Amino acid sequence: MNLTDLLESLGEKTVITLAGLLIGILFGIFAQRSRFCLRSAVVEFWHREPGGKLVIWLLAFSAAVIVTQGFIVGGWLDVSQARQLSARGSISGALVGGLLFGIGMILARGCSSRMLVLAANGNLRALLTGLIFAVTAQASLSGMLSPLRLWISGWLTIDGSARDLLAFAHLGHIGGILFGLLWLAAAIHFARKTRLSLREWGGGIGVGVMVAIAWLLTYQVASQSFDEIMPVQSLSFTGPSADVLMLVLSAPGQPWDFDIGLVPGVVLGSFLAALWGRELKLEGFKDGHSMRRYIAGALCMGFGGMLAGGCAVGAGVSGAAVFALTAWISLIGMWAGAGLADAMVDRPAR
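None of these values were measured; they are calculated from a predicted model.

Parameters at a glance
- Residues numbered from 1 in each chain as written.
- Predicted model: local features only at pLDDT ≥ 70, side-chain atom pairs only at ≥ 80, totals over all residues.
- Heavy atoms only, no water.
- Salt bridge = Lys/Arg side-chain N within 4 Å of Asp/Glu carboxyl O.
- Helix = DSSP H or I, 4+ residues; strand = E, 2+ residues; numbered from the N terminus.
- Buried < 20%, exposed > 50% of the residue type's maximum accessible area, 1.4 Å probe, protein only.
- Phe/Tyr/Trp six-rings, centres within 6.5 Å; stacked < 30°, edge-to-face > 60°.
- Axes fitted to C-alpha atoms, helices over the stretch in contact; angles between N-to-C directions.
- Parallel < 35°, antiparallel > 145°, perpendicular 65-115°, else oblique.
- Contact = heavy atoms within 4.5 Å.
- Nonpolar A, V, L, I, M, F, W, Y, C, P; charged D, E, K, R; others polar.
- Core = buried A, V, L, I, M, F, W, Y, C linked by side-chain atoms within 4.5 Å.
- Expected span 1.5 Å × (residues − 1).
- Lys, Arg positive; Asp, Glu negative; His and termini not counted.
- Polar contact = N/O pair within 3.5 Å; in protein donor to acceptor, adjacent residues only side chain to side chain.

Quick notes on the pattern of salt bridges
- According to the stated counting rule, one finds four salt bridges in the structure shown.
- Here Glu 279 ties to Arg 33 by a salt bridge, and the two come within 3.5 Å at their closest N and O atoms. Of this pair, Glu 279 sits in the loop between helix H14 (258–276) and helix H15 (288–308) while Arg 33 sits in helix H2 (residues 12–34); the two residues are 246 residues apart in sequence, bridging distant segments of the chain.
- With a shortest N-O distance of 2.9 Å, Arg 35 and Glu 279 are connected by a salt bridge. In this pair, Arg 35 is assigned in the loop between H2 and helix H3 (38–46) and Glu 279 in the loop between H14 and H15, connecting sequence segments 244 residues apart.
- For Glu 279, a relative accessible area of 25% puts it in the partly exposed group.
- Beyond isolated ion pairs, a larger network of salt bridges with shared partners links Arg 33, Arg 35 and Glu 279.

Next up, the structure:
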């Protein structure tokens, strides 16, 4: 049965939700088994101690770039109508939001996707952090924090037509693949000093491939959809976490989409991977200080992620894989904010 038959028999909403669920499950498995975490990679980078976490992030990032750009070169994917490349974007929102998100993931000891993975493994700190993150993201989208978000976003904006870095640099999508290969070479270089297991290699690459597959599947469904307007998108956890929260709190009958399938899929995939690896374990807070730290981190990530237009995965990998200018600014802001927070909060405590 091909995609057209599935759309006709199951309906477009069901197909796209199932696609999100399946990709989420696989992402959860790969992320759990590889310990994929931008926060840990950033700490290794700023400490000038490149290790396994940095290698895993570089593997995921390079795989996302290479496979996504390969799909485009092969004619299977067109991301020109994706929000990151077609809608008007905010330079100020990307920078400020990226900085705040980076600070938040240091305080919470993990980004939003990592919180989902850890919560599914029994980490109650991550569960509370994730809930506060989702509430803050929703408040930033349409609640009491939305005026502040809109105000900061309006400081400096850019037309959607100017957000494509490959077009601006006249590199083309072949250039994008070559750029991804440079990141892969960096991963292999740093990997020489580490002893990554086959599980970690496969998990890191698998995370990146899931980003590319999400771009491909949402585009294919959108291009064959007749009754619904489907967005072309990839993995992100700021808006989707808020959407799932509102789905739980709202009356039954809310429309389903890719994001609604994605978040539960990640939780399920991570749980299954931890169960298989015998790594399920209930963990809580050590004291009141650590709880305050995690709550502050969740607040920074929730507001920062919505302001930046995506989280460490949504902007930092998915958006960067299609070379959206604002995504790259957000990613740079995350690395800078995390480095600053680590230097001011964690290093003095050592």
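Some points on the packing of aromatic side chains
- Here the structure, examined in full by the defined rule, presents 16 aromatic pairs.
- Between Trp 57 and Trp 183, the ring centres sit 6.4 Å apart and the planes meet at 75°, which makes this aromatic pair edge-to-face. Of the two residues, Trp 57 is situated in helix H4 (residues 52–73) and Trp 183 in helix H11 (residues 172–191); the sequence distance between them amounts to 126 residues.
- Under the relative-accessibility criterion, Trp 183 is labelled partly exposed at 24%.
- Here Phe 61 and Trp 328 contribute two aromatic rings whose centre-to-centre distance is 5.7 Å and whose plane-to-plane angle is 85°, an arrangement assigned as edge-to-face. Of this pair, Phe 61 sits in helix H4 while Trp 328 sits in helix H17 (residues 325–346), placing them 267 residues apart in sequence.
- Relative accessible area serves as the criterion here: at 0%, Phe 61 is assigned to the buried category.
- One aromatic cluster in this structure is built from Phe 45, Trp 46, Trp 57, Phe 61, Phe 179, Trp 183, Phe 323, Trp 328 and Trp 335.

A few points about the packing of H4 against helix H16 (residues 314–321)
- One way to put it is that H4 packs onto H16 with a least axis distance of 8 Å and a crossing angle of 30°. What the angle tells us is that H4 and H16 run roughly parallel. Residue-level contacts link Trp 57, Phe 61, Ala 64, Val 65, Thr 68 and Gln 69 of H4 to Gly 316, Val 317, Ala 320 and Ala 321 of H16.
- In terms of residue class, the contact of H4 with H16 is made up of seven nonpolar, three polar and no charged.

Some details on the nonpolar core
- With 79 residues, the main nonpolar core has Phe 27, Trp 57, Phe 101 and Leu 235 as its most contacted residues.
- Looking at this core element by element, the count peaks at twelve residues for H4.
- With residues up to four places along the chain from it excluded, the contact list for Phe 27 reads Ser 113, Val 207, Met 210, Leu 235, Phe 237, Val 266 and Val 313.
- If you look at the next biggest cluster of nonpolar residues, it comprises five residues, including Ile 91, Ala 94, Ile 158 and Leu 325.

Description of helix H6 (residues 91–107)
- Given a rise of 1.5 Å per residue, 17 residues ought to cover 24 Å, and the 25 Å separating the end C-alpha atoms of H6 matches this to within 8%.
- For H6, a buried count of twelve out of 17 residues is recorded, marking the element as mostly surrounded by other parts of the structure.
- Among the residues of H6, Ile 91, Ser 92, Gly 93, Ala 94, Gly 97, Gly 98, Phe 101, Gly 102, Gly 104, Met 105, Ile 106 and Leu 107 are the ones counted as buried.
- Immediately downstream of H6, the backbone of Arg 109 shows phi near 60°, a positive value.

Points about the environment of Leu 235
- Topologically, Leu 235 is positioned in the loop between helix H12 (198–224) and helix H13 (238–249).
- A relative accessible area of 1% means that Leu 235 is categorised as buried.
- Measuring from C-alpha to C-alpha, the distance between Leu 235 and Val 345 comes to 30 Å, with 110 residues separating the pair along the chain.
- Setting aside chain neighbours within four positions, we find Leu 235 in contact with Ile 23, Phe 27, Met 210, Val 211, Ala 214, Phe 258, Leu 262, Val 313, Gly 314 and Ser 318.

Re the side chain of Asp 259
- Within the fold, Asp 259 resides in helix H14.
- It turns out Asp 259 is buried and unbridged, and the closest side chain with the opposite charge, Arg 83, is 8.4 Å from it.
- Within the local environment of Asp 259, its side chain forms a polar contact with the side chain of Gln 233, the two groups lying 2.8 Å apart.
- Dropping the residues within four chain positions of it, Asp 259 is found in contact with Gln 233, Pro 240, Asp 243 and Val 244.

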